[in-house]
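If you want the building blocks of each chain, they are given just below.
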Amino acid sequence: EALVVIDSTYATPINQRAISLGADLVIHSASKYLSGHQDVLAGAIAGRADLIDTIRKMRHVIGGTLDAHASYLVLRGMKTLDVRVKRQSETGYEIAKRLCKHPRIAKVHYPGLVDHPDHAVAKKTMSGFGGVVSFEVDGDMWDSAAVVDAMQLARISSSLGGVESLIHQPVIMSYWDLCPERRKAMGIKDNLIRYSCGIEPLEDIWTDIERALNAI
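Please read these numbers as outputs of a predicted model, since none were measured by experiment.

Visitor: Which parts of the structure should I look at to understand the sheet that holds strand 2 (residues 25-29)?
Guide: Remark on secondary structure: sheet strands pair via backbone hydrogen bonds, oriented parallel or antiparallel. Taken in spatial order, the three strands make up an open sheet running 1-2-3, and their pairing is mixed. Of all strands in the sheet, those bounded by a partner on one side alone are strand 1 (5-7) and strand 3 (43-47). Within the sheet, the average angular offset between the axes of one strand and its neighbour, ignoring direction, is 20°. In this fold helix 2 (residues 49-62) packs onto strand 2 and strand 3, with an angle of close to 145° to the strand it touches most, strand 3.

Visitor: Sorry, what's going on with helix 6 (residues 141-150) here?
Guide: Along an α-helix, a turn takes 3.6 residues, which lines up residues three or four apart on a common side. Taken residue by residue, helix 6 has Met-141, Ser-144, Ala-145, Val-147 and Val-148 as its buried positions. Within helix 6, the buried residues cover an arc of 155° as seen down the axis, which keeps them to one side. Every exposed residue of helix 6 that faces more than 90 degrees away from the buried side is listed here: Trp-142 and Asp-149. Taken together, the buried residues of helix 6 touch strand 5 (132-137), strand 6 (155-156), strand 7 (166-168), strand 8 (192-196) and helix 8 (202-214). For helix 6, the side-chain oxygen to backbone nitrogen distance between the N-cap and Trp-142 is 3.1 Å, and the N-cap itself is Asp-140.

Visitor: What is the right way to look at the pattern of salt bridges in this model?
Guide: Where charged atoms of side chains with opposite charge meet at close range, the side chains can pair. Scanning the model with the defined rule gives twelve salt bridges in all. A salt bridge links Glu-94 to Arg-98; the shortest N-O distance between them is 3.0 Å. One end of the pair is Glu-94 and the other is Arg-98, both in helix 4 (residues 81-100) and four residues apart, which spans about a single turn. Take Glu-94: its relative accessible area is 23%, and that puts it in the partly exposed class. Among the ionic pairs, Arg-98 bridges to Glu-203, the shortest N-O distance being 2.8 Å. Of this pair, Arg-98 sits in helix 4 while Glu-203 sits in helix 8, and the two are 105 residues apart along the sequence. Looking at Glu-203, the relative accessible area reads 43%, which means it is partly exposed.

Visitor: Got a minute to help me understand the sheet that holds strand 6 in this structure?
Guide: Ordered in space as 4-5-8-7-6, the five strands form an open sheet in which the pairing is mixed. Of all strands in the sheet, those with a lone pairing partner are strand 4 (105-109) and strand 6, marking the two edges. As paired elements, strand 4 and strand 5 share four bridges and run antiparallel to each other. From the neighbouring strand, Val-108 faces strand 5, where its bridge partner is Phe-135.

Visitor: What's the story with unusual backbone geometry in this structure? I'm lost.
Guide: With phi around 65°, Thr-12 is a residue other than glycine that occupies positive phi space. Position of Thr-12 among the secondary structure elements: in helix 1 (residues 12-15). Positive phi is not limited to glycine here, since Gln-38 has a value of about 55°. By the secondary structure assignment, Gln-38 is in the loop between strand 2 and strand 3.

What counts, and at which threshold
Residues numbered from 1 in each chain as written. Predicted model: local features only at pLDDT ≥ 70, side-chain atom pairs only at ≥ 80, totals over all residues. Heavy atoms only, no water. Pairing = 2+ DSSP bridges. Helix = DSSP H or I, 4+ residues; strand = E, 2+ residues; numbered from the N terminus. Axes fitted to C-alpha atoms, helices over the stretch in contact; angles between N-to-C directions. Contact = heavy atoms within 4.5 Å. Buried < 20%, exposed > 50% of the residue type's maximum accessible area, 1.4 Å probe, protein only. Arc of directions from axis to C-beta. Polar contact = N/O pair within 3.5 Å; in protein donor to acceptor, adjacent residues only side chain to side chain. Salt bridge = Lys/Arg side-chain N within 4 Å of Asp/Glu carboxyl O.

By themselves, these are just geometric observations and shouldn't be taken as functional.
And the structure:
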């Protein structure tokens, strides 16, 4: 019998309840939205008691237990998870809509947009569409790099989901070691940028993005 395992890091338990939708197990990178402050490395898994019991026994063999302080940092972050994620989702949706109208943007990837290939599924299964927006600059890799470097509010990082806005250029950060053919097959274009909205005021975030886009 095959199990359904969902990585709900991006969706969070606020925007999607994957277990109630039929998933057997749900995993999270707790370093992202759950902790929310970019100061801990942690992971979490939830699901049926019998499955979790099996995983717990394996953990006793291979290790991987959080220390007390890291556990505290995750618990601290989860106290504000609801308000953070709701604000980040609202900001992400508005930023995605504005980017669609910007002349220097070739394409926007965000499940809240009706032209996204998975919009219907997201609308049916999620209460919010998240705070991560990906977009393609109308230019090449160096134009996209110029946009990233021109940001003053957003910090350059491969992480996401924190209270600070973070920006990331996959082709030279997460996927730099892959050949162009493999990146193309995965949909990782040279001009792709990923933006993780923080909890800063919407207009501050947009002003920073717009200024950076106008710099190229």
